[in-house]
Amino acid sequence: MLIKPVEEMLLRNADHYLIPADIVANVQTDNNLYHAFLVLTKIKYSRIPVLDHAGHFEGLVSLPLITEKMLGFDQLNTDILMQCRVSEVMDTDIKTVQSVGDVEETLHLMVDNPFVPVVDSANMFEGIITRREFMKSFNFLTHEIGRQYDMIEKDFSNSSIAK
Ligand code: AMP
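Residue numbers here run from 1 along each chain, matching the order of that chain's written sequence. Owing to the predicted nature of the model, reporting of local features is limited to residues with pLDDT of at least 70; listing and counting of side-chain atom pairs is limited to 80 or more, with chain, interface and lining totals taken over all residues. For the side-chain quantities, the full set of heavy atoms in the structure was used; hydrogens and water were omitted.

### Quick notes on the pairing of strand 6 (residues 125-130)
Remark: exposure states derive from per-residue accessible area (1.4 Å probe, protein chains only) relative to the maximum for the residue type, with buried under 20%, exposed over 50%, and partly exposed in between. Numbering of helices and strands runs from the N terminus; a helix is a DSSP stretch of H or I covering at least four residues, while a strand is a stretch of E covering at least two. Within strand 6, five of the six residues are buried, which leaves it mostly tucked inside the rest of the structure. Should DSSP find at least two bridges between two strands, the strands are taken to pair. Pairing analysis gives three bridges linking strand 1 (residues 18-20) to strand 6, with the strands arranged antiparallel. Along strand 6, the bridge assignment pairs P20 with G127. Examined bridge by bridge, strand 5 (residues 115-119) and strand 6 share five bridges and lie antiparallel to one another. In the sheet register, V116 faces strand 6, and the bridge partner there is I129. Two successive antiparallel strands, strand 5 and strand 6, enclose a turn made up of five residues, where N123 displays a positive phi of approximately 70°.

The structure is reproduced here in structure tokens:
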């Protein structure tokens, strides 16, 4: 559990965490790999969301997943780009959150991931929370918490915590 003052201050900026779906670059499950390769190369993000036609979140795709599929025995098979679909290479084992207010779970997931997808209860893609946006709030918290709450240092010198 997060301690209350920290949770409260992080939640205050929660609305700013979300990069909404309409400005998140994405590809669709049935796009060919050539399309995904171009999108990833142009936008210069390493991983982007994959959606179905209705806008449900299906997974993430990255350039390494595509090039791995192209790897033959001794050379890259570029024909694969036209022949295969995003659904054949995407990573579907992705943890999502259902609300920007789910600060604790988001924090856990962002330890290993530069961004966390946000979906609604029907798995419709709503956007992403990036580490960058979250760190801005964390920065605010580290500067402001002492101004907004009384912080009293406890003496642990004789307790087992200090040993
Ligand atoms: P940032 O913290 O802004 O560097 O973003 C971290 C990661 O989130 C990027 O490497 C991308 O994988 C993803 N990302 C951020 N913004 C977008 C966006 N507008 N569209 C797609 N992916 C994004």
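### A closer look at helix 1 (residues 4-12)
Note that an α-helix has 3.6 residues per turn; residues three or four places apart therefore point the same way. Of the residues making up helix 1, those classed as buried are V6, M9 and L10. Burial along helix 1 is one-sided: seen end-on, the buried residues are contained in an arc of 100°. Should any heavy atoms of two residues lie within 4.5 Å, those residues are counted as being in contact. Buried residues along helix 1 sit in contact with helix 2 (14-17), helix 6 (103-112) and helix 7 (131-148). Directions pointing from the helix axis toward each C-beta atom define the arc.

### Some details on the site of the ligand
The nearness test applies per residue and asks whether one of its heavy atoms lies within 4 Å of the molecule or strand. If you check the shell around the ligand, you find 13 residues, and the closest are I23, A25, R47, F115 and R132. Contacts described as polar in this section are N or O atom pairs within 3.5 Å, which, within protein, must combine one atom able to donate a hydrogen with one able to accept it, while residues neighboring in sequence count only if both atoms come from side chains. One of the backbone nitrogen or oxygen atoms of I23 is found 3.0 Å away from a nitrogen atom of the ligand. Here an oxygen atom of the ligand and a backbone polar atom of R47 are 2.7 Å apart. To measure how exposed things are, a 1.4 Å probe is used in the Shrake-Rupley method; for residues, cover is taken only from the protein chains shown. Alone, the ligand offers 480 Å² of accessible surface; in the complex the protein occludes 83% of this. Within the residue set of the shell around the ligand, elements represented by two or more residues are strand 3 (47-51) and strand 6. Residue composition of the shell around the ligand, grouped by class: nine nonpolar, two polar and two charged. By the convention adopted, Pro, Cys, Tyr, Trp, Phe, Met, Ile, Leu, Val and Ala count as nonpolar, Lys, Arg, Asp and Glu as charged, and the other residues, Gly among them, as polar.

### So, the packing of aromatic side chains
Whether two aromatic rings pair depends on their centres lying within 6.5 Å, for rings of Phe, Tyr and Trp, where Trp uses its six-membered ring; planes under 30 degrees apart make the pair stacked, over 60 edge-to-face, and the rest tilted. The final tally for this structure, using the stated rule, is two aromatic pairs. Centroid distance Y17 to F134: 4.8 Å. Interplanar angle 40°. Geometry classified as tilted. Of this pair, Y17 sits in helix 2 while F134 is found in helix 7, placing the two residues 117 residues apart along the sequence. The two residues Y17 and F134 agree in class, both being buried. Look at F57 and F125: their rings are 6.0 Å apart centre to centre, the planes differ by 25°, and that puts the pair in the stacked class. Of this pair, F57 sits in strand 4 (residues 57-62) while F125 sits in strand 6, and the two are 68 residues apart along the sequence.

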